[in-house]
Amino acid sequence: MQACGSALNSRLENYRNLTPAERLAELARAAGLDAADQALLADPAALAVDRANGMIENVIGTFQLPMGVATNFRINGRDYLIPMVVEEPSVVAAASYMARIARSNDIGFETSSTAPIMRAQVQVLDVTDPWGARLRILAAREAIIAAANAKDAKLVSLGGGCRDIEVHVFPESRVGPMVVMHLLVDVRDAMGANTVNTMAEAVAPLVEQAAGGRVRLRILSNLADLRLARASVRVSPAALATKTVSGEDMVTGIVEAAEFAAIDPYRAATHNKGIMNGIDPVVVATGNDWRAIEAGAHAFAVKDGRYTSLTTWERDRDGNLVGTLEMPMALGLVGGATKTHPLAQAALRILKVETAQELAEVTVAVGLAQNMAALRALATEGIQRGHMALHARNIAILAGAEGAEIEAVAKQLAAAHDVRVDRARELLDALRRG
Ligand SMILES: CC(C)(COP(=O)([O-])OP(=O)([O-])OC[C@H]1O[C@@H](n2cnc3c(N)ncnc32)[C@H](O)[C@@H]1OP(=O)([O-])[O-])[C@@H](O)C(=O)NCCC(=O)NCCSC(=O)C[C@@](C)(O)CC(=O)[O-]
Ligand SMILES: NC(=O)C1=CN([C@@H]2O[C@H](COP(=O)(O)OP(=O)(O)OC[C@H]3O[C@@H](n4cnc5c(N)ncnc54)[C@H](OP(=O)(O)O)[C@@H]3O)[C@@H](O)[C@H]2O)C=CC1
C-alpha cells in the first residue's frame, strides 16, 4: 500500500474527554465529513426498519451497538481514523493507545497484502482413479477457467476473474476417494463469496465430466490463505516505558508473553481473541462478514496441525520491539451489507480506503495494535486495572446509574479497584442522598 500525502491528522488530543456530539463534530472536521454524514452518524435510526427488512429475514426491528473511533493510527506514514463497532469496553482505548505509541516511529504500522484471491471448492465423489482424475481436471484447466469467467464479465472487466485451478486428492475417506477442485479467483473489491460460489456452480458439470465422478458441494473456502494481509510494527523501548516499567522490561515482558501463545493452544485461543478484538469491530463497522473473518483467522492459526498464535513479537538487534501479524482478510467494499447498510458506507468514508486490499491492511494493523495493548497490560500490571476501569461504566449502568451519575459512580469504583454491582449500588445511593 502506498503512503499518500493525506492532510488527515488522526492524533485527536483530548478526544476521550468530549461528549459524543462533540466527538462527532471533531471527527467530521478531521475527516472532512459533510453535514449529511454527520446527521447519519448521529441518527439513532440510521438503519431504517424498511432497509433492514431487505437485508435479512423475519425482521422485527434493528439492534444497535456502540460505534467508537480509534485515534492516532498511522499506517505506512498515512494517518487513519478507525471506526469500530463493538460492545466491549477498553477495546477502542487500547487500540488508540498502541497507535499513539506506534506513531512515535513516524511511519506507524507497515502493511502489505497479496492479491484478493479467493478459493472455491468443487467436491467430486465416486471417482475410482482419483490421481488420474486429478490430471484430467488439470487438462481441462483452460475450459474451466473460461466457464468461470463467463459468469462474471463485470469482474473480469475490472481486472479480476478466475486465475487458476488446483486439484486436491483425498485417496481415502469414509465415503470413498474424494477429489476437490479449487477455483482461484481474483475478486477485486468484493468479499467474493457470492461471486466464487456462482462460478463454482457453473463449472461443476465440466469438472464432473473431466473427473469421471459425481459433484456434491460447490462452495467457497473461508480459509482464504491466498488472500493475506500483513502488518508489522517496530517500537523503541523508550516509546514503551511507563512510570513504573522500563522500556527494556516491557519488551522482555511482551516477548515472553507472546512465546506462551506460540507454544500453548489454550493461551493461543485467548491471545488470538485479543487480536480479533481489534479486527472484528472494523469488520462490523464496514458491513463485512465477521463470521467469515473469524473462520479464516482460526483455521489459518493452525500450523502443522497445531493451533498457535497469529502474531509474533521479537526484539531486534537494536533492542526495539518488533511485532508482526499475517492472516487471511476477505473484506469487501462492494456487495454484502457494505453497500446496503448506510453506516457501513459512512464508516468507509471515515476510513477513506480506496480498495478492499487497503481496507484489509488497515484492519490487520488494528488487530496488531490490539494484541500489543493486551500483551503490554498482561505482561506488566495485568488486564484488570485498565479494562475494569472502563468496564466500571457498564457496572454503574447495571446498578441503575443514569446520565452524569454513570461517570461519577464509575470513577469511584475504578479508583478503589473495586468494580462490583453491589458496591456501585451503594455509591449510587450515597450520591442520590447527596
Ligand atoms: C485501557 C488502557 C488503554 C488504559 O491505559 P492507561 O495507561 O490508563 O491510559 P492513559 O490514561 O495513560 O491514556 C493513554 C492513551 O490510551 C487511550 N485511552 C485511554 N483511556 C481512554 C478512554 N477512556 N477513551 C479513549 N481513549 C483512551 C488514549 O489514546 C490515551 O492517549 P491520549 O490520546 O488521550 O493522549 C490500557 O490499560 C490498555 O491498553 N489495556 C488493555 C485493554 C485490552 O486489551 N482490552 C481488551 C479487552 S480484554 C480481552 O478481551 C483480551 C485479552 C486481554 O484476554 C487478550 C489476551 O489475553 O491476549
Ligand atoms: N462462507 C461464506 O463466507 C459465505 C458468505 N456469503 C456472503 O456473501 C456476501 C459477499 O459476497 P460478494 O461476492 O462479495 O457479494 P456480491 O455478489 O454482492 O458482490 C460481488 C459482485 O459485485 C460486482 N462488483 C462491482 N464492483 C466490483 C469491484 N470493484 N470488485 C469486485 N466486484 C465488483 C461484481 O459483479 P456484478 O456487478 O456482475 O454482480 C461481483 O460479482 C456476504 O454477504 C457474505 O456474508 C455467502 C455465502 C457463503
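For the structure, see preceding data.
Bear in mind that the values here come from a model prediction, so they are computed numbers and not experimental data. Every chain begins its residue count from 1, and numbering advances along the sequence as written. Chain A is the first chain written and ligand 1 is the first ligand written, with later ones labelled in order. In keeping with the model being predicted, local features are shown solely for residues with a pLDDT of at least 70 and side-chain atom pairs are shown and tallied solely at 80 or more, while totals for entire chains, interfaces and linings include all residues. Think of the side-chain values as coming from all heavy atoms in the structure, minus any hydrogens and water.

*Asks:* I'm lost on the overall build of the chain in this one. Help?
*Replies:* Helix and strand counts for the chain come out as 18 helices and twelve strands. Each of the three principal axes of the chain carries a C-alpha extent, and together these read 80 × 55 × 45 Å. The buried share among the 434 residues of the chain stands at 49%. Whether two residues are in contact is decided by their heavy atoms: any pair within 4.5 Å suffices. Relative to all contacts within the chain whose residues are 6 or more apart in sequence, the contacts with residues 24 or more apart total 72%. Shrake-Rupley sampling with a 1.4 Å probe provides the accessible areas, and residues are treated as covered by the protein chains on show and by no other component. Surface accessibility of the chain: about 20,700 Å² in total, with carbon and sulfur atoms responsible for 53%. Seen as two clouds, the 44 positive and the 49 negative side-chain charges of the chain have centres 1 Å apart. Every helix listed is a DSSP run of H or I at least four residues long, and every strand listed is a run of E at least two residues long, numbered separately from the N terminus. Remark: exposure states derive from per-residue accessible area (1.4 Å probe, protein chains only) relative to the maximum for the residue type, with buried under 20%, exposed over 50%, and partly exposed in between. Here the positive residues are Lys and Arg and the negative ones are Asp and Glu; neither His nor the chain ends is included. Charged side chains are reduced to one point each, which is NZ for Lys, CZ for Arg, CG for Asp and CD for Glu.

*Asks:* For this particular structure, what's the right way to read the packing of helix α10 (residues 247-263) against helix α11 (residues 265-285)?
*Replies:* A packed helix pair is summarised by two numbers, namely the angle formed by the two axes and the spacing between the axes. With their axes 6 Å apart at the nearest point, α10 and α11 run at an angle of 115° to one another. Between α10 and α11 the crossing geometry is left-handed. Here α10 contributes Ala-258, Phe-260, Ala-261 and Ile-263 to the contact with α11, which in turn contributes Pro-265, Arg-267, Ala-268 and His-271. In terms of residue class, the contact of α10 with α11 is made up of six nonpolar, one polar and one charged. Axis definition: a line fit to C-alpha positions, over the contact stretch in the case of helices; interaxial angles, taken between N-to-C directions, run 0 to 180 degrees. By the definition used in this description, the sense in which the near helix is turned from the far one sets the handedness, with an anticlockwise turn below a right angle giving left-handed and a clockwise turn giving right-handed. For this scheme, ten residues count as nonpolar: Ala, Val, Leu, Ile, Met, Phe, Trp, Tyr, Cys and Pro. Four count as charged, namely Asp, Glu, Lys and Arg, and the remainder, Gly too, count as polar.

*Asks:* Which parts of the structure should I look at to understand the environment of Glu-166?
*Replies:* Locating Glu-166 in the fold gives a position in strand β5 (residues 161-170). For Glu-166, a relative accessible area of 25% corresponds to the partly exposed category. Residues Glu-166 and Gln-121, 45 residues apart in the sequence, show an inter-C-alpha distance of 9.4 Å. Those residues within four positions of Glu-166 in sequence are excluded, and the remaining contacts are Arg-119, Val-180, Met-181, His-182 and Leu-184. A polar contact of 2.7 Å, which involves the side chain of Glu-166, links it to the side chain of His-168. Polar contacts here mean pairs of N or O atoms no more than 3.5 Å apart (in protein, one a potential hydrogen donor and the other a potential acceptor; neighbouring residues in sequence count only if both atoms are side-chain atoms).

*Asks:* Would you mind going over the environment of Asp-422 with me for this structure?
*Replies:* Within the secondary structure layout, Asp-422 lies in helix α18 (residues 421-433). Expressed as a C-alpha distance, the spacing of Asp-422 and Ala-396, which sit 26 residues apart in the sequence, is 9.7 Å.

*Asks:* Where do I start with the site of ligand 2 in this structure?
*Replies:* Summary of the distance rule: residues count as near a molecule or strand when at least one heavy atom falls within 4 Å of that molecule or strand. Close to ligand 2 lie 21 residues, the nearest being Asp-152, Gly-192, Thr-195, Asn-222 and Asp-289. Taking Asp-152, its side chain carries an N or O atom lying 2.5 Å from an oxygen atom of ligand 2. Within the side chain of Thr-195, a nitrogen or oxygen atom sits 2.8 Å from an oxygen atom of ligand 2. Within the complex, 69% of the 940 Å² of free accessible area of ligand 2 lies under protein. Going through the elements one at a time, α7 (153-157) and α8 (193-211) are the ones with two or more residues in the shell around ligand 2. The element that contributes the greatest number of residues to the shell around ligand 2 is α8, accounting for four residues. The residue inventory of the shell around ligand 2, partitioned by class, reads nine nonpolar, seven polar and five charged.

*Asks:* Explain the packing of helix α6 (residues 141-150) against α8 to me, please; I cannot follow it from the model alone.
*Replies:* As a packed pair, α6 and α8 sit with axes 8 Å apart at the nearest point and diverge in direction by 150°. The angle between the axes of α6 and α8 places the two elements in the roughly antiparallel class. Between α6 and α8 the crossing geometry is right-handed. Across the interface between the two elements, Ala-143, Ile-144, Ala-147, Ala-148 and Asn-149 of α6 pack against Met-199, Val-203, Leu-206 and Val-207 of α8. For the contact of α6 with α8, the per-class residue count stands at eight nonpolar, one polar and no charged. Should an angle fall under 35 degrees it is taken as roughly parallel, and over 145 as roughly antiparallel, whereas 65 to 115 is taken as roughly perpendicular and any remaining angle as oblique.

*Asks:* Sorry, what's going on with helix α12 (residues 290-300) here?
*Replies:* Spacing of three or four residues puts side chains on the same side of an α-helix, whose turn is 3.6 residues. Every buried residue of α12 is accounted for by Ala-292, Ile-293, Glu-294, Gly-296, Ala-297 and Phe-300. Buried residues along α12 sit in contact with β8 (228-235), α11, β9 (302-303) and β12 (321-328). For α12, the capping residue at the N-terminal end is Asp-289, with a side-chain oxygen 3.1 Å from the backbone nitrogen of Arg-291.

*Asks:* Would you take a moment to explain unusual backbone geometry for this structure?
*Replies:* When glycine is set aside, most residues are seen to have a negative phi, and most peptide bonds are trans. A positive phi is found at Ser-90, a non-glycine position, where the angle reads about 80°. Within the secondary structure layout, Ser-90 lies in the loop between β2 (78-85) and α4 (91-102).

*Asks:* I tried to follow the site of ligand 1 on my own but got confused; where do I start?
*Replies:* Looking at ligand 1, there are 25 residues lining it, with Ser-90, Arg-100, Arg-267, Lys-273 and Arg-385 nearest. One of the side-chain nitrogen or oxygen atoms of Arg-11 is found 2.9 Å away from an oxygen atom of ligand 1. Lys-273 places a side-chain nitrogen or oxygen 2.8 Å from an oxygen atom of ligand 1. Of all the elements in the fold, those that place two or more residues in the shell around ligand 1 are α4, α11, α15 (356-378) and α16 (384-398). Looking at the shell around ligand 1, the element that brings in the most residues is α11, giving six residues. Its residues placed into classes, the shell around ligand 1 shows nine nonpolar, nine polar and seven charged.

*Asks:* Even after reading the chapter, I still don't get the pattern of salt bridges, so can you show me in this structure?
*Replies:* Throughout this description, the term salt bridge denotes a Lys or Arg side-chain nitrogen within 4 Å of a carboxyl oxygen of Asp or Glu. The tally for this structure, following the rule as stated, stands at 21 salt bridges. For the salt bridge of Arg-136 with Asp-129, the shortest nitrogen-to-oxygen distance reads 2.8 Å. Given the relative accessible area of 34%, Arg-136 is considered partly exposed. For Asp-129, a relative accessible area of 32% puts it in the partly exposed group. Residues participating in the shared-partner salt-bridge network are Arg-74, Asp-79 and Arg-103.

*Asks:* What am I meant to see in the sheet that holds strand β11 (residues 311-315) here?
*Replies:* Backbone hydrogen bonds hold the strands of a sheet together, and the pairing may be parallel or antiparallel. Strand order in the open sheet made by the four strands is β3-β8-β12-β11, with antiparallel pairing throughout. Edge positions in the sheet fall to β3 (110-113) and β11, since each has one partner strand and no second. Between one strand axis and the next, the sheet turns by 15° as a mean value, whatever way the strands run. Two strands qualify as a pair provided DSSP detects at least 2 bridges between them. Relative to β12, β8 runs antiparallel, the two being bridged by eight bridges. Across the sheet, Ala-229 pairs through a bridge with Met-327, a residue of β12.

The quantities given are spatial measurements derived from coordinates; they are silent on function.
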